[in-house]
Amino acid sequence: MQQFADAKRAYPDAILFFRMGDFYEMFEDDAVLAARLLELVLTSRNKGKPDEVPMAGVPHHAAHGYIARLLELGYQVAICEQMADPATVKGIVPREVVRVITPGTVTDRDQLDASTNNWLGAVEPERDGAGLALLDLSTGELRAAMARDLSALLAELGRAAPRELLVGGAPEGLPEAVAALRAALPGAAVREDRALDDAEAPAALGALASDAAGLAPAARAAVARALRYARACNPGVELPIAYIGRWEPSDALVIDPSTQRHLELALSARGTRDGSLLGVIDRTRSPAGARRLRRQLLAPLVDVARIRRRLARVEALVNDPALREQLAQALAGVGDLERLSTRAALGEATPRDLGAIRDGLVAAKQAIALLTKLGGGATLGDPLFEPASADTLDELAEALGRALVERPPAQPKDGAVFVTGYDRALDEEDELRRSGSERMVELEARLKRETGIGTLKVRFTRVFGWYIEVSRSQAGRAPEGWRRKQTVATGERYTIAELDDLADRILHAEERRRERELELLGELTRRAGAASSRLRALSALLARWDVAGALAEVAHRFDYVRPEVDTSSALLIEDGRHPVVERLAAAGRFVPNDVRLDLEGERLWVITGPNMAGKSTLLRQTALTVILAQMGSYVPARSARVGVVDRVLSRVGASDDLSRGESTFMVEMRETATILRAATARSLVIVDEIGRGTSTLDGLAIAWAVAEHLDAAIGCRALFATHYHELVELADSSEHVANYSVSARELENDVVFLHRLVRGATSKSYGIAVARLAGLPESVLARARAVLAALEGAPPGSGGPTAKAHLGGRGAGQLALFAPPAAPPSHPEIIETLRAVDVDRLTPLEALGLISTLKARL
Ligand code: ADP
Ligand code: MG
């Protein structure tokens, strides 16, 4: 308990897993908490005595799953191990915390998503802005930036979606900052980080100190916080981080978290990957490629030259389908070199991991060889087009290839790791062990002969070692000199000097072999670990090509076109489509539409049209096309010209944020406020059905004022979908506003959606027709038509009274609505027949016959 108390004092915030034999035990508050979270039995130690403490435990071999569960809930777990074999120690076994596992610092493959970075974030707010550091220990990547203001910070955090976030800074505002970030990042474990004094920072930065010197003070402090935390979680381990990457938030197209959600970029509204844009375009073949694609999608570029470089890579692969296919196959064999390399650097690589590095390097070399064949005419000046100079780590590949068996085991103890002929000493021990086993077989044959005992066996078990077993019935015939070792149900077990001798030799050979194997394994792991920066560079190069190949594949398969990206003020999309809707909801019958916005000309389109016509789809597809183009992808259109956009802002759909206790209308207004504050003339704004959550006149007034503000004060490109037909009048007063509508045709009481955008406004919502499609009862629909007719008949501006007077005499529709529903039809004889059926006795054929009879009667 003294040891426990010491460890707990050193790691007060973590749940302490205290190793005792085959269990990890938890004590005191940890035990009470873990018992509840993990549904463990809560017991106690020293029961009934004054020093009784609560206790709960998990078997060490099952700890993995329990730890994963605790991490999911945002907890930290400190692993306190026995540092020596209890059998060889007198008194209490020494124990130490060897690792603290936290959501943002796990490196265990089973607890990571291969296609997503696992970021630990650190934020250092200061007067104006905040320093931000992102550390992915699993890939060895560390990045730092300064965010100008809260919205920039939230945008960066929204893209990275860290699993864990440390918040530091001045103690005054800290609790508020933590609360705000916790609300903004529901998926992250947000922690208040203790003060970081000037003396501590250099130690935390370690070898990265000189690299960090160039950072702004707040960014440097954030980096130091992330590193201090990661170091504390991995005591005594050299972190596999070679340098600090920097990024400039303004280099990326800004997509704030709510826009990212609205547009369903990485996750669909249902929270699945299917149904998101990423789900459609992710055809990458390697985990590092998948991670890269996700990052590019959430942080498209604004620099035209860089965008064009990316597009040129995609184009090169679109134009060479055969090479693209071969490249895809090679990349599929590369595996996760990036994460494997950090596992090696952390000394965590298993024999299987080393085998995976070997195989990955072979595949990487093939991929590089293919890339050197890629035509490079249009691609001058792109460093990625000189793959011939790529470092393929041939010596490491060769060393691993020479050493390892084809399929190395998951753990060293699971079997042979090295090929015969790799190491003389290892082979010798192996030979001794093997010949020893052969000698045992010979011994068994000889003893059988000498004693004449037919059932005699020489065998081995882990617990008792080697022995001679004689069945019970023949036990009397065992010679004098044999020593009895053990009596078992099936017979007697003996040993003799010769057997002990031989057993010793085998055992020693086995032990020495194991030692040698671990030694060699350590050497090889260190070698791979030492190459981890080079491995990561190779992985990064291939990840970029993986992304280009995936986007080329998507472009080819789904018929996308290379967008023209420039600094013009235009956004021209000819026959544009929604990349997700055309694949899923409207597969095979998607109606393409044109959008032509221009800052100098018509820059704000007011789009009216019935419900379900496709307004929201058009708005989103326009935003998605811009995002795709600026991330360097082809786009779903016949042609597209995108004058770069600095941020995409959206206000889409009605979503109640009940968990945050906000009404739909409040959320709507908050998002609108963000848009109006953040939009610049170079932004693309899409506003979908604003003003729904309040009274009609209120809503119309707000929508009107917002549209006017976008046009006159901000003057950006914008699409404004609305059900307030009154807004079409805006076009009369501004040359920059145009009216469009999505057409529908009415056939009797039915409505047919053409999904085609046409110039001009519509005046009808077809709400009742849509309600009919949705299956509202006919009586309700009839009544709605009557009410509508009455309201429309009322003179404009007169509001309620006239309409009410008109509706005063309640007609037949009203009565029908309140009439009791007709009794459901009853068919007593059918019910009787069904009651009488003995289902268990019925053959399938009889059952079919029965259904047919019943149906006929009905
Ligand atoms: P609105 O916002 O006008 O009510 P939506 O954009 O939500 O309409 O579209 C309703 C449905 O119509 C979509 O879910 C989609 O299945 C279909 N749809 C929309 N646009 C198109 C289109 N251009 N071609 C084919 N189907 C479409
Ligand atoms: Mg809509």
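Everything numeric in this text was worked out from a predicted model, so none of it was measured.

Visitor: Even after reading the chapter, I still don't get the overall build of the protein chain, so can you show me in this structure?
Guide: Looking only at helices and strands, the protein chain features 29 helices and 27 strands. By principal-axis analysis of the C-alpha atoms, the protein chain measures approximately 120 × 85 × 70 Å. Expressed as a percentage of its 858 residues, the buried residues of the protein chain come to 49%. Intrachain contacts of the protein chain at a sequence separation of at least 6 include 68% that bridge at least 24 residues. Working note: accessible area of the protein chain is about 41,400 Å², and carbon and sulfur atoms make up 54% of it. In the protein chain, 107 positive and 117 negative side-chain charges are present, and the distance between their average locations comes to 3 Å.

Visitor: I would appreciate a short explanation of helix α5 (residues 174–184) in the present structure.
Guide: One full turn of an α-helix is made of 3.6 residues, so residues set three or four places apart face in the same direction. Looking only at α5, the buried set comprises Leu174, Val178 and Leu181. Down the axis of α5, the buried set is contained in an arc of 70°. They therefore lie on one face. Where α5 is buried, its residues meet α4 (150–160), β10 (164–167) and β11 (189–192).

Visitor: Is there a simple way to explain the pattern of salt bridges in this structure?
Guide: Where charged atoms of side chains with opposite charge meet at close range, the side chains can pair. If you walk through the whole model with that rule in mind, you get 60 salt bridges. With a shortest N-O distance of 2.7 Å, Asp423 and Arg516 are connected by a salt bridge. With Asp423 in the loop between α16 (394–403) and α17 (424–451) and Arg516 in helix α18 (residues 497–530), this pair connects stretches of sequence that are 93 residues apart. Here the two residues Asp423 and Arg516 agree in accessibility, since each one is buried. Three or more residues joined by partner-sharing salt bridges are found here, namely Glu124, Asp193, Arg194, Glu200, Arg225 and Arg228.

Visitor: So what exactly am I meant to see when it comes to the site of ligand 1 here?
Guide: Near ligand 1 lie 14 residues; those nearest to it are Val591, Met612, Lys615, Ser616 and Thr617. Contacts to ligand 1 include Ser616, whose side-chain N or O atom sits 2.7 Å from an oxygen atom. Within the contact set of ligand 1, a nitrogen atom lies 3.4 Å away from a side-chain nitrogen or oxygen of His755. About the coverage of ligand 1: the protein hides 82% of its 560 Å² of free accessible area. Grouping the constituent residues of the shell around ligand 1 by class yields seven nonpolar, five polar and two charged.

Visitor: Teacher, can you tell me more about the nonpolar core here?
Guide: For soluble globular proteins, the rule of thumb is that nonpolar side chains tend to be buried together. In terms of nonpolar packing, the biggest core is built from 107 residues, with Ile281 and Ile357 touching the most fellow members. Apart from residues lying up to four places away in sequence, Ile281 is in contact with Leu293, Leu297, Ala550, Leu551, Val554, Leu628 and Met631. Ala7, Met55, Leu142 and Ala219 belong to the second-largest nonpolar core, a separate cluster that totals 40 residues.

Visitor: In this structure, what is going on with the packing of helix α15 (residues 351–372) against α18? I would like to understand it.
Guide: For any two helices packed against each other, the geometry comes down to the angle between their axes and how far apart the axes lie. Close contact between α15 and α18 brings their axes to 11 Å; oriented N to C, the two are set at 45°. Between α15 and α18, the crossing angle belongs to the class labelled oblique. Handedness of the α15/α18 crossing: left-handed. The segment α15 lies against α18, with Pro351, Leu354 and Ile357 engaging Leu521, Leu524, Thr525 and Ala528.

Visitor: Sorry, what's going on with unusual backbone geometry here?
Guide: Most peptide bonds are trans, and most residues other than glycine sit at a negative phi. Phi at Glu39 takes a positive value of approximately 55°, unusual for a residue other than glycine. For Glu39, the location among the structural elements is in the loop between α2 (28–38) and β3 (43–45). Of note in this structure, Asp559 is not a glycine but carries a positive phi near 65°. By secondary structure assignment, the location of Asp559 is in the loop between α19 (532–558) and β18 (564–566). Owing to a relative accessible area of 56%, Asp559 belongs among the exposed residues under this scheme.

Visitor: Mind showing me how you'd approach a nonpolar patch on the surface here?
Guide: A cluster of nonpolar side chains, namely Leu845, Leu848 and Ile851, defines an oily patch on the protein surface of about 360 Å² accessible area. The exposed category is assigned to Ile851, whose relative accessible area is 52%.

Visitor: Would you take a moment to explain the sheet that holds β10 for this structure?
Guide: The pairing of strands in a sheet happens through backbone hydrogen bonds and is either parallel or antiparallel. Strand order in this open sheet of six strands is β11-β10-β7-β8-β9-β12, and the pairing throughout is mixed. The outermost strands of the open sheet, each flanked by one partner alone, are β11 and β12 (245–246). Helix-sheet contacts for α4 involve β7 (120–126), β8 (129–136), β9 (141–147) and β10, and the interaxial angle to β8 is about 10°. Where α5 meets the sheet, its contacts fall on β10 and β11, and the angle it forms with β11 comes to roughly 175°.

Visitor: What's the story with the environment of Leu340 in this structure? I'm lost.
Guide: As for its placement among the helices and strands, Leu340 is situated in helix α14 (residues 337–345). Overall, Leu340 belongs to the buried group, its relative accessible area being 7%. For the pair formed by Leu340 and Ser532, sequence separation is 192 residues and the distance between their alpha carbons is 8.7 Å.

Visitor: What's the story with the packing of aromatic side chains in this structure? I'm lost.
Guide: For any two aromatic rings, the description comes down to two numbers: the centre-to-centre distance and the angle of the planes. Per the stated rule, a full pass over the model turns up nine aromatic pairs. For the pair Phe418 and Tyr422, a centre-to-centre distance of 5.3 Å together with 5° between the ring planes defines the contact as stacked. Arg19 extends its terminal NZ or CZ atom over the ring of Tyr24, reaching a point 5.3 Å from the ring centre. When the ring centre of Tyr467 is taken as origin, the NZ or CZ atom of Arg493, which lies over that ring, is 4.2 Å away.

Visitor: Is there a simple way to think about the sheet that holds strand β5 (residues 77–82) in this case?
Guide: Here we have six strands laid out as an open sheet, ordered β3-β4-β2-β1-β5-β6, and mixed in their pairing. Each edge of the open sheet is held by one strand with a lone partner, namely β3 and β6 (95–101). In this sheet, adjacent strand axes meet at a mean angle of 35° when their direction is disregarded. By the bridge criterion, six bridges tie β5 to β6 in an arrangement that is antiparallel. Paired with Cys80 across the strands is Val97, a residue of β6. Lying over the sheet, helix α3 (residues 63–72) contacts β1 (15–20), β2 (23–27), β4 (53–59), β5 and β6, oriented at roughly 170° with respect to β1.

Visitor: So what exactly am I meant to see when it comes to the pairing of strand β25 (residues 717–721) here?
Guide: Regular strands have side chains that alternate between both faces of the sheet. Counting buried residues along β25, five of its five residues qualify, which places the element largely inside the surrounding structure. Of the two faces of β25, the one holding Arg717, Leu719 and Ala721 and the one holding Ala718 and Phe720 are both buried throughout. Of the pairings in the sheet, the one linking strand β21 (residues 604–608) to β25 comprises four bridges and is parallel in character. Across the sheet, the residue bridging to Trp605 is Leu719, located in β25. Both strand β24 (residues 684–688) and β25 contribute to a ladder of five bridges, which runs parallel. Looking at β25, one finds that Val685 is bridged to Ala718.

Visitor: Please clarify how the confidence of the model for the protein chain should be interpreted in this entry.
Guide: Of the residues in the protein chain, 93% have a pLDDT of 70 or more, and the chain-wide mean is 88. When pLDDT is averaged over each element of the protein chain, strand β22 (residues 639–643) comes out on top at 98 and helix α27 (residues 812–818) at the bottom at 35. Here residues 796–821 is modelled with pLDDT under 50, and outside its nearest four sequence neighbours on either side it reaches twelve contacts, counting other chains as well.

Visitor: So what exactly am I meant to see when it comes to the environment of Val561 here?
Guide: For Val561, the location among the structural elements is in the loop between α19 and β18. In sequence terms Val561 and Asn118 are 443 residues apart; their C-alpha atoms lie 33 Å from each other. Residues within four places of Val561 in sequence aside, it is in contact with Tyr634, Val635, Ala637, Arg638, Ser639 and Ala640.

Visitor: Quick question: what am I supposed to make of the packing of helix α21 (residues 664–678) against helix α22 (residues 696–714) here?
Guide: One can describe the packing of α21 onto α22 by two numbers: an axis separation of 11 Å at closest approach and a directional angle of 10°. Classified by the angle between their axes, α21 and α22 sit roughly parallel to one another. Contacts between α21 and α22 involve Phe665, Met669, Thr672 and Leu676 from the former and Ile702, Val706, His709, Leu710 and Ile714 from the latter. Broken down by class, the residue content of the contact of α21 with α22 amounts to seven nonpolar, two polar and no charged.

Visitor: Please clarify how the pairing of β11 should be interpreted in this entry.
Guide: Judged from the four bridges that link them, β10 and β11 form a sheet pairing that is parallel. Each residue of the ladder has a partner; that of Leu165, found in β11, is Val190. Following the chain from β10 across α5 to the adjacent parallel β11, one finds a crossover that is right-handed.

So, how was this worked out
Residues numbered from 1 in each chain as written. Chains lettered and ligands numbered in written order. Predicted model: local features only at pLDDT ≥ 70, side-chain atom pairs only at ≥ 80, totals over all residues. Heavy atoms only, no water. Helix = DSSP H or I, 4+ residues; strand = E, 2+ residues; numbered from the N terminus. Buried < 20%, exposed > 50% of the residue type's maximum accessible area, 1.4 Å probe, protein only. Contact = heavy atoms within 4.5 Å. Areas by Shrake-Rupley, 256 points an atom, 1.4 Å probe, with all protein chains shown as cover. Lys, Arg positive; Asp, Glu negative; His and termini not counted. Charge placed at Lys NZ, Arg CZ, Asp CG, Glu CD. Arc of directions from axis to C-beta. Salt bridge = Lys/Arg side-chain N within 4 Å of Asp/Glu carboxyl O. Near = heavy atom within 4 Å. Polar contact = N/O pair within 3.5 Å; in protein donor to acceptor, adjacent residues only side chain to side chain. Nonpolar A, V, L, I, M, F, W, Y, C, P; charged D, E, K, R; others polar. Core = buried A, V, L, I, M, F, W, Y, C linked by side-chain atoms within 4.5 Å. Axes fitted to C-alpha atoms, helices over the stretch in contact; angles between N-to-C directions. Parallel < 35°, antiparallel > 145°, perpendicular 65-115°, else oblique. Left-handed = near helix turned anticlockwise from the far one by under 90°. Patch = residues over 30% accessible without salt bridge, like charges linked within 9 Å, V, L, I, M, F, W, Y side chains within 5 Å. Pairing = 2+ DSSP bridges. Phe/Tyr/Trp six-rings, centres within 6.5 Å; stacked < 30°, edge-to-face > 60°. Lys NZ or Arg CZ within 6 Å of the ring centre and 35° of its normal. pLDDT = per-residue confidence, 0-100. Right-handed = clockwise from strand over helix to strand, strands pointing away.

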